[in-house]
Every structure is written in structure tokens, then in C-alpha cells.
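Coordinate inspection notes
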Amino acid sequence: MRALGFKNISVFIDLIVPPEISDDEIGAALEKGEMFARSNGLSSFNAIRPERTTSKENRRFLSDILDGLPGDDETIFLFLGVHGLFFTEKDLLGLIETLGNSRALRTDPAFLNPFETTYVLVARKKYFRVGVEQDHIPAEVSIQVERDRSGPKPPPYIRFEFRSEYNCVLDALPADKDHLTYDDLNALWDQNPSLFFPVPHHVSVEMTNHDNLSRLRSPQKLSKRSVGWMSDRHLDMLVESLPFPPGDVSCHMDLWDFGEPLTHKGTINFIERIARKGVRVDLYTNGLLLDESVAARLLDSGVDAIFYRMDAATAEVYERVSGDRNLFEKARKNLDALIRLRKQRGGSTIPWKPELAVQITEMPETAGDVNAFMDLYDMAGEVTKSTVSKLGRSPEPEAVIREVYKTDKPIEHAMIRHDNLFRGRVERKDGSDYTPLFRFPCRQLLAGPHILWDGSIVPCREDIDAEEVIGRLEDGLLEVWKSDPMKRFITMHCRGAWAESSFCAICNEWYYSHD
């Protein structure tokens, strides 16, 4: 860190440890860490065993920690989060040395335990409170650098998760430059933001745009495109293109439900092929075609998660948003069958694979059913509430899921889904507006492209009419991502110039994440 030019450094280590680790063991580790901190001239060293479960609680806690740390607002604050009690002196030294000598990432990633999680956030003290939280990805390092928020441009969102991505940035530096400094990052960001997004981390796929429900928000009704199903040839191209070289970049694929994926006869076979290549696959479905035989095939396909869109707790609301009251009972029975089959398979791993999320879309038309829906399906919430009532603290996430699996509805997630207005095509007259007050670069666009059923590739899934086609599967998925049209979109958003695009300027879905 000092090699990066940071002189006044505060270190805070958040140890997230399993309940079987004793307080004495934690105390011994903390004492060792404090000795290391003092001997290396660090401003401070803090560590805790958190029992917080919400983002809001975490942020309040970090704010309190920051207020108590020495140094002024310009002090660099390094946050290290570690899963497990395996963060030794050698690990910490290796991490600091590797950050200081950036090129070491090419040759010496061994300081990270491949079975544990380490994430790193770096920011000036006065801006750390507004840092974006990271997903915890095993055996990789995420670095987020935030800079001064003054001026018309938004701050850069710089995140490295894989060595190959980091190398793309290092390759852009002069050959004689050994260290990547804070100013170097900012300069590279200004010159070429797309450099920081060398590969897409997320690909969403439209198996078909055919909707087997007459939904209130049906993209099929809103779109001018003809209805079709992705060809075997295009599916083969997708399978061959993933994972992206050199193979250390995690790719996440969604089979999205702007059309019902299970109306495509090749969907489950496609999932099997993609899953065998190590690509995470999530399926979004309304469940109407998910009878027991289809559900059994799907559960054995290797799919990682099933997002089951019920959109109602009652037949009345189901008719209002899905168009057919008589199908409510079928959707509910298919969900019950899926839950039963998952429980029969079970498994020793936590969570089970695939995970199951049951969804209701937040919109004025479903408002009366949301509470009843959560009462029906939010088993995790009930377990957490019960534990807090008995013990006075939140349970460990794994303990929650274990208790959920003992219930008659072993569902990991009950979700209130975002109401997509399709860039103003839908007029919403009531309900809450969750759009952030200040716009930032589109999360969907920076994550990865959307592939339409005919092989066309568009920057994001809001393009239901293929208005901004940037390439085709025949051109190569990675090649299209690196193409000038895609770079133009990335650069435009990273520089806060989305108003330059008539497509992006009117969109309200920029804050909605794939995660």
C-alpha cells in the first residue's frame, strides 16, 4: 500500500467466522494481528465477530468505526474482509506486497487460500461510507478504488476480480512501470474506461420472446419484433463461446423470462451443456410448464438457481397481472411439486443446488398481495425473526437455511421483484419509486450483453425491439463485447454521458442489477 503512494494507512479487519470457533481462538488471532499491525507501523488494527445481517446495519457499523479511526478525511482506509480464521501474518504481508507491486499478480496469487474468501476495498476515508458492497467470490480479489466525487463526472467504479482482467490494465502501462498507483488508475479510466471491462461477467439469453401468459407487463405485447425461438445453431455458438478465455473469469448466464424459456424445447438440454462447462446458469420461469416430469429433468440439469415468478398470493391478483385466473392453481401446484421434489433430493451441501427463489413483482396491481405472499414463502425471514426473538441476535446465514430445510417449504429466497417499465413504455400511476436520486453508470450494461432469440446481440435486456444491435453471435460473443459499438456504450456511461444516447437517456432501469 505504501508502494502505491499511501502514507497514512488504517487497517480494519472484519473476521467472519463460523460459530464453532471459540472466542479464545479469535482472541489469540486478534492479538497476533495487533502485534503485526504495531510492528509494521499501521495506524490502527480492529477486528470483530459480526452478528449483523443487513447492509444498513453494516454501513452504520462501518461509519462508527471510521469516526473512531485516526487520521483526517484524506487518510486511505483499507478494508479487509475474511471468511474463516486463515488470515495469517504471511497472508496479510503477501496481500499488501502484491497490491504494492501490481505485476506480482501475474505470478504469485498463492497468498489466497482457494477455499476461503477475501475481498479488498480501498478508498479515501471520507468516501468509504458510500462504497458499493462487493459480492464475495472465492479465491479472487476485488479492488474498488473511489476518487473525489467533485466535478461533473461520476466516480469510477473500478473492480478487479480476476488476474487476467488486472493484466489487461497492466498491459496498458509503460513497460518500465512496475507499480500501478492511484493516479494511474484514474488516468487510465479517463483515457479508456472500457479497458476495465475486458470480458462480460454476465450474459442474459432470450431463448424465446414468446410469452405463454397475457401478462400486464408482457414484453411480447410491448415489442414490435416477431416471435421466435433460438435456433440450435445459435445455441451451439453460445456453448462454444463460453467460458471466456483464459478461463479464470467467472461467467453467469440468465435464461431470462421476457419470453417463457420453457416454451423452447431445447432449454433444459442447453442448460445441461452450459453447466458442464462450469458456467453458472439461472432460469427464470412462470412455472406453468414445470410439471413433475419437467421439474425432475430441470433439477438434474445442473441449473444453479430457479426463479419462480408467481406474482400473486391470490387468484384475483394473479388474474390482474398474469391475465388468466384459471392458471393460478396450476402455477401453485407446480410450485408445490417442485418444492417437494427438491426436498426429496435434498443434499448435504448448504444451500441445495439448485437454489429456489419465489418472486412477486412490486407494482400497484400486486400491492394488496405482497404481505400475504411473503407470509406464504419467506421461510428464511420467519426463521430469522424467531431466532432473534429467542436469542436476541441474528442467526448465522447457514443456520437459517438449515432450519428452513426442516420446514414444509424449503425455499431459500422469497423475493419482491423490480417493476420493469421498459424505458417508459409502461405508465406506472401509483406505488413507490425506488430510483436513486443521482444517476450512475448502468449496472446491466457494464455487467454484460443480452442475446436475442435470432442471434442479435444488444447492450442490455431493456432493448426488447433490437434498436441498438452491436453485433451477432456469428461475430463471436467476446469479439462483440470488445467491439467499438460496445466500447462506445461503456465509455459513455463511465463518463456520465448517457444523455448522448437517445436509447439510454429515457431509461429508468440503470440502477437495477443482475445480482
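Quick look at the structure, then. (Residues numbered from 1 in each chain as written. Predicted model: local features only at pLDDT ≥ 70, side-chain atom pairs only at ≥ 80, totals over all residues. Heavy atoms only, no water.)

1. A look at the overall build of the protein
Our working rule: Numbering of helices and strands runs from the N terminus; a helix is a DSSP stretch of H or I covering at least four residues, while a strand is a stretch of E covering at least two. Only protein chains enter the accessibility calculation, which uses a 1.4 Å probe; a residue is then buried when its area is under 20% of its type maximum, exposed when over 50%, and partly exposed in between. For accessible areas, the Shrake-Rupley method is used with a probe of radius 1.4 Å. Any residue's cover is judged against the shown protein chains and nothing else.
On a plain count of helices and strands, the protein comes out with 18 helices and 15 strands. The buried share of the protein, reckoned over its 515 residues, is 53%. Total accessible area on the protein stands at roughly 23,400 Å², and carbon and sulfur atoms take up 51% of it.

2. Some remarks on the pairing of strand S10 (residues 305-309)
For the record, the criterion: Being paired, for any two strands, means DSSP has found at least two bridges between them.
With 5 of 5 residues buried, S10 lies mostly within the body of the structure. Residue alternation in S10 divides its side chains into two sets, Ala305, Phe307 and Arg309 and Ile306 and Tyr308, and both sets are buried. The pairing of strand S9 (residues 280-285) with S10 spans 4 bridges and is classified as parallel. Of the residues in S10, the one forming a bridge with Asp282 is Ala305. Here S10 pairs with strand S11 (residues 355-361) via 5 bridges, running parallel. Within the sheet, the bridge partner assigned to Ile306 lies in S11 and is Leu356.

3. Side note on the pattern of salt bridges
The criterion, for reference: Take a side-chain nitrogen of Lys or Arg and a carboxyl oxygen of Asp or Glu: if they are within 4 Å of each other, that pair is a salt bridge.
Counted under the stated rule, the structure contains 28 salt bridges. In this structure, Arg423 engages Glu467 in a salt bridge whose closest nitrogen and oxygen atoms are separated by 3.3 Å. In this pair, Arg423 sits in the loop between strand S12 (413-417) and helix H15 (443-447) while Glu467 sits in the loop between strand S14 (456-458) and strand S15 (471-472), placing the two residues 44 residues apart along the sequence. One salt bridge in this structure joins Arg472 and Glu474, with 3.2 Å as the shortest N-O distance. Members of the salt-bridge network, linked through shared partners, are Arg217, Glu362, Glu365, Asp419 and Arg428.

4. A short note on the pairing of strand S7 (residues 202-205)
Taking every second residue as pointing to the same face, both faces of S7 are buried, with His202 and Ser204 on one and Val203 and Val205 on the other. As judged from the 4 bridges shared by S7 and strand S8 (residues 252-255), these two strands associate in the parallel manner. When the sheet's bridge partners are listed, Val205 is paired in S8 with Leu255. Relative to strand S13 (residues 450-451), S7 is paired through 2 bridges, and the arrangement is parallel. Its bridge partner lying in S13, Ser204 is registered against His450.

5. Let's talk about the environment of Ala312
For the record, the criterion: Throughout, a residue-residue contact means that at least one pair of heavy atoms, one from each residue, lies within 4.5 Å.
Mapped onto the elements, Ala312 comes out in the loop between S10 and helix H10 (315-322). Take Ala312: its relative accessible area is 1%, and that puts it in the buried class. Distance from Ala312 to Gln359, taken between C-alpha atoms, is 8.6 Å for residues 47 residues apart in sequence. Not counting residues within four places of it along the chain, the set of residues in contact with Ala312 comprises Val317, Tyr318, Phe328, Ile360, Asp369 and Phe373.

6. Focus on the packing of helix H7 (residues 232-241) against helix H8 (residues 267-276)
Convention followed: Fitted lines through C-alpha atoms give the axes, limited to the stretch in contact for helices. The angle between two N-to-C directions lies from 0 to 180 degrees. Between 65 and 115 degrees an angle is taken as roughly perpendicular, under 35 as roughly parallel, over 145 as roughly antiparallel, and anywhere else as oblique. Throughout, a crossing is termed right-handed when the near helix is turned clockwise from the far one, and left-handed when it is turned anticlockwise from it by less than a right angle. When residue character is reported, Ala, Val, Leu, Ile, Met, Phe, Trp, Tyr, Cys and Pro are called nonpolar, Asp, Glu, Lys and Arg charged, and the others, Gly included, polar.
Relative to each other, H7 and H8 sit at 15°, their axes nearing to 9 Å. Relative to H8, H7 is oriented roughly parallel. Our pair here, H7 against H8, has a crossing hand that is right-handed. Residues Leu235, Asp236, Leu238 and Val239 of H7 lie in contact with H8, whose contacting residues are Phe270, Arg273 and Ile274. Grouping the amino acids of the contact of H7 with H8 by side-chain chemistry returns 5 nonpolar, no polar and 2 charged.

7. Points about unusual backbone geometry
Pro243 follows Leu242 through a cis peptide bond whose omega is -5°. In this structure, Pro351 follows Ile350 across a cis peptide bond, with omega equal to -5°. Residue position: Pro351 is located in the loop between helix H11 (328-345) and S11. Phi at Asp311 takes a positive value of approximately 65°, unusual for a residue other than glycine. As for its position among the elements, Asp311 is in the loop between S10 and H10. Here Phe422, not a glycine, exhibits a phi torsion of approximately 50°, which is positive. By the secondary structure assignment, Phe422 is in the loop between S12 and H15.

8. Section: the sheet that holds S11
Strand order in the open sheet formed by 9 strands is S12-S11-S10-S9-S8-S7-S13-S14-S15, and the pairing between neighbours is mixed. Every other strand in the sheet has two partners, leaving S12 and S15 as the edge strands with one partner each. Bridge count for S13 against S14 is 2 bridges, and the pairing is antiparallel. Across the sheet, His450 pairs through a bridge with Val458, a residue of S14. Sitting on the sheet, H11 is in contact with S10 and S11, with an inclination near 160° to S11.

9. Focus on helix H9 (residues 292-299)
Inclusion rule: Throughout, the arc means that of the directions going from the helix axis to the C-beta atoms.
Restricting attention to buried positions, one finds in H9 the residues Ala295, Leu298 and Leu299. Down the axis of H9, the buried set is contained in an arc of 95°. They therefore lie on one face. Along its buried surface, H9 packs onto H8, S9, S10 and H11.

Keep in mind that these numbers describe shape and distance, not what the molecule does.
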